[in-house]
Amino acid sequence: LGYTEPYRPQYHFSPEENWMNDPSGLLYHSGTYHLFFQYNPGGSEWGNMSWGHATSRDLIHWDERPVALLARGYPDTVTEMYFTGSAVADVNNTSGFGVDGKVPLVAMYTSMYPVAQDLPSGKHVRAEQQSQSIAYSLDEGETWTTYDAENPVIHNPPSPYEDEFINFRDPFVFWHDDTQKWISVTVVAAIHKILIFSSDNLKEWSFISEFGPYNAVGGVWECANLFQMPVEGDPSTKKWVLVLGLNPGGPPGTVGSGTQYFIGDFDGTTFKADSDNVYPDNKSANWMDFGPDFYAAASYNGLPDGEVIQIAWMNNWQYGALIPTSPWRSAMSVPRHLSLKTVNEKVTLLQQPQQSWRTVADHKAAKHSWESVSEGTTSLDSPGKAFKIDLSFADHDSDDSLASTFAIAVRASSDFKQETLIGYNFTSKEMFVDRQHSGDVSFDKTFASLYHAPLSASADKRINLQVFVDWSSVEVLGGQGEVSLTAQIFPEESATEAQLVSTDGTTQDVRLQITGMSSSH
Ligand code: FRU
């Protein structure tokens, strides 16, 4: 397969054809990273929701596998769709699904029933009801059996939320070692609540606690996930992080979907956010990403204790179905390695790319440095269409001779009428991505925008930016990874130029490294 169509991601996962949304079941098992995802087998817009499947040994090279859970009834009348969920390896066979010593992989997902019906389990569901169900695989995720004898295993939202049965979804299941229980985190989307359940066997679930609403409460809350990590340099301290999506209701300056997180503690029953992570009057939030295209972030199950890798859907419900790609729609973010570190006395979440991207990075990187970059533009050799940038420069306070903003223009046409600018505003202390002139912006009136994220200088007073550019996206990590900004772009194929742009004055002590990225296909 070529994977050479216009805008085709070269080192980000995208399905060969058709519509994709949320990662739904990220599981590392027996040396394989599984990526299941919301998938329409019948077209490149949302519908017939099924679980697509891809596998990888390094999180970069993916093999697309047969559809794992095909919408029930498809291609005729669909009676059950498989919405977002998660997957675990039931190594102790608590579910009893394992036979002949084979470890069952168990998926927990939302059953969305378009029509009212009586199910084989004897349970009755109403039109558009959302309930939580399970399925298992005894062949490393290739084929799946739904647990029809009892599905759905969480039939209705518990009291007092019974009325929310059409907005009850996205179970994220994991093994909680301290209490030796399975935990499942679900959302009651429209009222901004997380409901937590526990189980001994993945089949019978008890409602144990709830969380929310706190901080950002725009639109609906979706796709929660909860995981534990050590705090760097302080191995005795472990914290829990709750991540969830909002739609519409993303970070300031964006329209549509966004992702927020809370750092706190989870005792096996209740998640409690740290007091410095809850802001008064829902006026603020911890944003996982400040760009428009980072949603439904999900974390891997099955990794060594304390290790967290996350992948997000690199699209936005605002215009997801309109992006000008064919025959597929949507890609995933680069897999990100998460960690916690105390910065300015506050436990801070850091994101870094997973190391394995190096397998597609060119060995020879172009390195440049300038004591001072003068006002205006500075030419660079064309880096092409897929590459990684490491850019760092001295921070400064406002001064007549010094720049107000400094940026690198990428995916630019030779006259620079088309370009995506990635840079820093020294006055507002924000990094930014400007996609106003990035190429095709015509399909949605909110798309041509500038996005920004607060970023302070490092201890040695420098601004550090790490940028991943692919055929239709840019992902920027600022500082040590304490801020992230992800945006899709749709430039012309010939837009392969780059230059530096220092506005209103000079920028000092600039270091730039550009590393070409080859295709992972
Ligand atoms: C989030 C979401 C989920 C739902 C899925 C359906 O993007 O709306 O809440 O389960 O997509 O495809």
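Above: the structure in question.
Residues numbered from 1 in each chain as written. Predicted model: local features only at pLDDT ≥ 70, side-chain atom pairs only at ≥ 80, totals over all residues. Heavy atoms only, no water.

## Quick word on the nonpolar core
Part 1: The biggest cluster of nonpolar side chains holds 58 residues, and the ones touching the most others in it are V185, I194, L242, F271, I389 and I408.
Part 2: With sequence-adjacent residues up to four places away left out, I194 is seen in contact with V185, T186, V187, S209, E210, F211, W221, A224, L242 and L244.
Part 3: M108, I134, L195 and L202 belong to the second-largest nonpolar core, a separate cluster that totals 18 residues. (Core = buried A, V, L, I, M, F, W, Y, C linked by side-chain atoms within 4.5 Å. Buried < 20%, exposed > 50% of the residue type's maximum accessible area, 1.4 Å probe, protein only. Contact = heavy atoms within 4.5 Å.)

## Overview of the environment of L202
Part 1: Here L202 lies in the loop between β13 (193-199) and β14 (206-211).
Part 2: Counting along the chain gives 28 residues from L202 to F174, while the straight-line C-alpha distance between them is 10.0 Å.
Part 3: Ignoring anything within four residues of it in the chain, the contact list for L202 reads V88, D90, T94, S95, V106, I134, V153, V173 and W182. (Helix = DSSP H or I, 4+ residues; strand = E, 2+ residues; numbered from the N terminus.)

## Here we look at the site of the ligand
Part 1: Lining the immediate surroundings of the ligand are N21, D22, Q38, W46, F83, T84, R169, D170, E222, C223, Y295 and W317.
Part 2: Between the ligand and R169, the relevant distance is 2.8 Å, taken from an oxygen atom to a side-chain nitrogen or oxygen of the residue.
Part 3: Contacts to the ligand include W317, whose side-chain N or O atom sits 2.9 Å from an oxygen atom.
Part 4: Protein chains bury 95% of the 320 Å² of accessible surface belonging to the ligand in isolation.
Part 5: Of all the secondary-structure elements, those providing two or more residues to the shell around the ligand are β1 (18-29), β5 (81-89), β11 (168-176) and β15 (220-231).
Part 6: Looking at the shell around the ligand residue by residue, the classes come out as five nonpolar, three polar and four charged. (Near = heavy atom within 4 Å. Polar contact = N/O pair within 3.5 Å; in protein donor to acceptor, adjacent residues only side chain to side chain. Areas by Shrake-Rupley, 256 points an atom, 1.4 Å probe, with all protein chains shown as cover. Nonpolar A, V, L, I, M, F, W, Y, C, P; charged D, E, K, R; others polar.)

## Brief notes about the pairing of strand β30 (residues 430-434)
Part 1: In terms of burial, β30 is a largely internal element, four of the five residues being buried.
Part 2: Pairing of strand β29 (residues 420-425) with β30, which is carried by five bridges, proceeds in the antiparallel orientation. Residue pairing across strands places N425 opposite E430, the latter belonging to β30.
Part 3: Connecting β29 to the antiparallel partner β30 that follows it, the hairpin turn spans four residues, and K429 within it adopts a positive phi of roughly 55°.
Part 4: Pairing of β30 with strand β31 (residues 450-454) involves five bridges; the strand directions are antiparallel. Bridging from a neighbouring strand, M431 pairs with A453 of β31. (Pairing = 2+ DSSP bridges.)

## Concerning the environment of D289
Part 1: With respect to the helices and strands, the residue D289 is situated in the loop between β19 (286-287) and β20 (295-299).
Part 2: When its relative accessible area of 2% is taken as the criterion, D289 is described as buried.
Part 3: For the pair D289 and E17, spaced 272 residues apart in sequence, the C-alpha separation works out to 27 Å.
Part 4: Those residues within four positions of D289 in sequence are excluded, and the remaining contacts are P251, T259, F294, R336, S484, L485 and T486.
Part 5: Within the local environment of D289, its side chain forms a polar contact with the backbone nitrogen of G291, the two atoms lying 2.8 Å apart.
Part 6: At 2.3 Å, the side chain of D289 forms a polar contact with the side chain of S484.

## Here's the deal with the side chain of Q351
Part 1: By the secondary structure assignment, Q351 is in strand β24 (residues 346-353).
Part 2: Judged by its relative accessible area of 4%, Q351 falls in the buried class.
Part 3: Among the polar contacts made by the side chain of Q351, one reaches the main-chain carbonyl oxygen of M288 at a distance of 2.7 Å.
Part 4: Other than its neighbours up to four places away in sequence, Q351 contacts M288, F294, R336, H337, L338, L477, Q480, G481 and S484.

## Focus on the pairing of strand β27 (residues 387-394)
Part 1: Counted residue by residue, β27 has seven buried out of eight residues, so it is predominantly covered.
Part 2: Bridging between β27 and strand β32 (residues 462-470) involves eight bridges; their strand directions are antiparallel. Counted as the bridge partner of F393 is I463 from β32.
Part 3: Both β27 and strand β36 (residues 507-516) contribute to a ladder of six bridges, which runs antiparallel. For F387, the partnering residue across the bridge sits in β36 and is G516.

The values reported here are purely geometric and, on their own, carry no functional implication.
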